[in-house]
Amino acid sequence: MAAASEPVDSGAFWGPVRPEPPPTRFHRVHGANIRVDPSGTRATRVESFAHGVCFSREPLAPGQVFLVEIEEKELGWCGHLRLGLTALDPASLAAVPEFSLPDLVNLGHTWVFAITRHHNRVPREDSQEAVAEAAAPSRPPALVVEPYLCIEQFRIPRDRLVGRSRPGLYSHLLDQLYELNVLPPTARRSRLGVLFCPRPDGTADMHIVINGEDMGPSARGLPAAQPLYAVVDVFASTKSVRLVQLEYGLPSLQTLCRLVIQRSLVHRLAIDGLHLPKELKDFCKYE
């Protein structure tokens, strides 16, 4: 995987030669317990803990992230959201399986990753790199992170990939945790995405992104030449998710203004004291 400090091929950028992909939407085909809102951007499981499989409306483009934010949780169930890709056309399914794991995967040409509270990162295959990484002294994460997430040949603006908790009574004490992005992967407002990266041999790697961090290639050998649809299983304790649209080119002026405001404040609650419209304050604190 390309490091953030390494040069990335210009083909990784979205622009006039490589137009940005269309907005993501959920497919009309989904599990029996799923209700998709009229905009096609929110999926809610209305009963039970299963029959919550959803798909992207269109196949993903290489490097395009199908990103969801967890909106609602439901107590009493064991298990969390599941993400992946499938080369199966959802419209061709006789019936949507009850579970993505193992039912949908057993149909073939499907790769699904179960999100857990911990241990979502895929170990590196290079044992020497893994040993060196383990032996290196631990360093606290930097407050200011790289603006782009680099995954193989793609550069993706990191800002919207990161889920942010709502400020509360003790936010001024916990704000460093907020800036360091320690939202648990399965928490409300966590953002999780899936994408694929083609390789020179005609295959592709599937990557899972959790709150702006790449978990590594969770599956290899996907057929890059075939249409690949995103799979989101709104399973068990995850009750509702909404799609988040990304900016693949240069960040918008709105995003840049928010970053300037955020970096000039001690903590998020200080935003309330600024002479700004409420909509802009909320955007700076929550989005």
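In this text the structure is predicted, and so the values were computed from the model without any measurement.

A.B. asks: Even after reading the chapter, I still don't get the sheet that holds strand E10 (residues 203-210), so can you show me in this structure?
C.D. replies: Hydrogen bonding along the main chain pairs the strands of a sheet, whether they run parallel or antiparallel. Overall, antiparallel pairing links the seven strands, which are arranged E1-E2-E13-E4-E9-E10-E11 in an open sheet. Two strands in the sheet have a free side with no partner beyond their single neighbour: strand E1 (34-36) and strand E11 (213-223). For this sheet, the mean inter-axis angle between neighbouring strands, taken without regard to orientation, is 20 degrees. Sheet topology note: the E10/E11 ladder contains six bridges and is antiparallel. Residue pairing in the sheet places Met206 in a bridge with Ala219 of E11.

A.B. asks: Which parts of the structure should I look at to understand the pairing of strand E9 (residues 191-198)?
C.D. replies: Each regular strand displays side chains that alternate between the two surfaces of the sheet. Burial of E9 is extensive: seven of the eight residues sit out of reach of the surface. Here strand E4 (residues 66-73) pairs with E9 via four bridges, running antiparallel. By the bridge assignment for E9, Phe66 is matched with Val194. Across seven bridges, the pairing between E9 and E10 is antiparallel. Paired with Cys197 across the strands is Asp205, a residue of E10. In textbook terms, the turn of a hairpin is the stretch between consecutive antiparallel strands, and for E9 and E10 this stretch comprises four residues, one of which, Gly202, has a positive phi near 90 degrees.

A.B. asks: Would you mind showing me how to read the pattern of salt bridges here?
C.D. replies: Here the idea is simple: oppositely charged side chains can pair when their charged atoms come close. Applying the stated criterion to the full structure yields 11 salt bridges. Put simply, Asp37 and Arg42 hold a salt bridge, and the shortest N to O gap is 3.7 Å. Given the relative accessible area of 22%, Asp37 is considered partly exposed. Across the pair Glu74 and Lys239 runs a salt bridge whose closest N-O atoms are separated by 3.7 Å. Linking Glu74 in the loop between E4 and strand E5 (82-86) with Lys239 in strand E13 (residues 238-244), this pair joins segments that are 165 residues apart in sequence. On the basis of relative accessible area, Glu74 is assigned to the partly exposed category, the value being 24%. Classification of Lys239 as buried rests on a relative accessible area of 16%. One network of salt bridges, in which partners are shared, links Asp37, Arg42, Glu69, Glu71, Arg191 and Arg242.

A.B. asks: Would you mind going over the confidence of the model for the chain with me for this structure?
C.D. replies: Averaged over all residues, the pLDDT of the chain is 82; the fraction at 70 or higher stands at 76%. The model gives residues 1-11 a pLDDT under 50, and that stretch makes 14 contacts with residues more than four places away or in other chains. Scored below 50 in pLDDT, residues 127-144 shows eight contacts in the model against residues more than four places distant or in partner chains.

A.B. asks: Explain the nonpolar core to me, please; I cannot follow it from the model alone.
C.D. replies: A general tendency of soluble globular proteins is for nonpolar side chains to be buried together. Within the largest apolar cluster, 31 residues are counted, with the highest numbers of intra-cluster contacts made by Phe26, Phe66, Met206, Ile208 and Val232. For this core, the secondary structure elements donating two or more residues are E4, E5, strand E6 (110-114), E9, E10, E11, strand E12 (229-233) and E13. Of all the elements, E10 adds the most residues to this core, at four residues. Beyond its immediate sequence surroundings of up to four residues, Phe66 is in contact with Thr24, Arg25, Phe26, Ser56, Leu60, Leu192, Gly193, Val194, Ala230, Val232 and Leu243. If you look at the next biggest cluster of nonpolar residues, it comprises 13 residues, including Ile151, Ile156, Leu246 and Tyr248.

The rules we used
Residues numbered from 1 in each chain as written. Predicted model: local features only at pLDDT ≥ 70, side-chain atom pairs only at ≥ 80, totals over all residues. Heavy atoms only, no water. Pairing = 2+ DSSP bridges. Helix = DSSP H or I, 4+ residues; strand = E, 2+ residues; numbered from the N terminus. Axes fitted to C-alpha atoms, helices over the stretch in contact; angles between N-to-C directions. Buried < 20%, exposed > 50% of the residue type's maximum accessible area, 1.4 Å probe, protein only. Salt bridge = Lys/Arg side-chain N within 4 Å of Asp/Glu carboxyl O. pLDDT = per-residue confidence, 0-100. Contact = heavy atoms within 4.5 Å. Core = buried A, V, L, I, M, F, W, Y, C linked by side-chain atoms within 4.5 Å.

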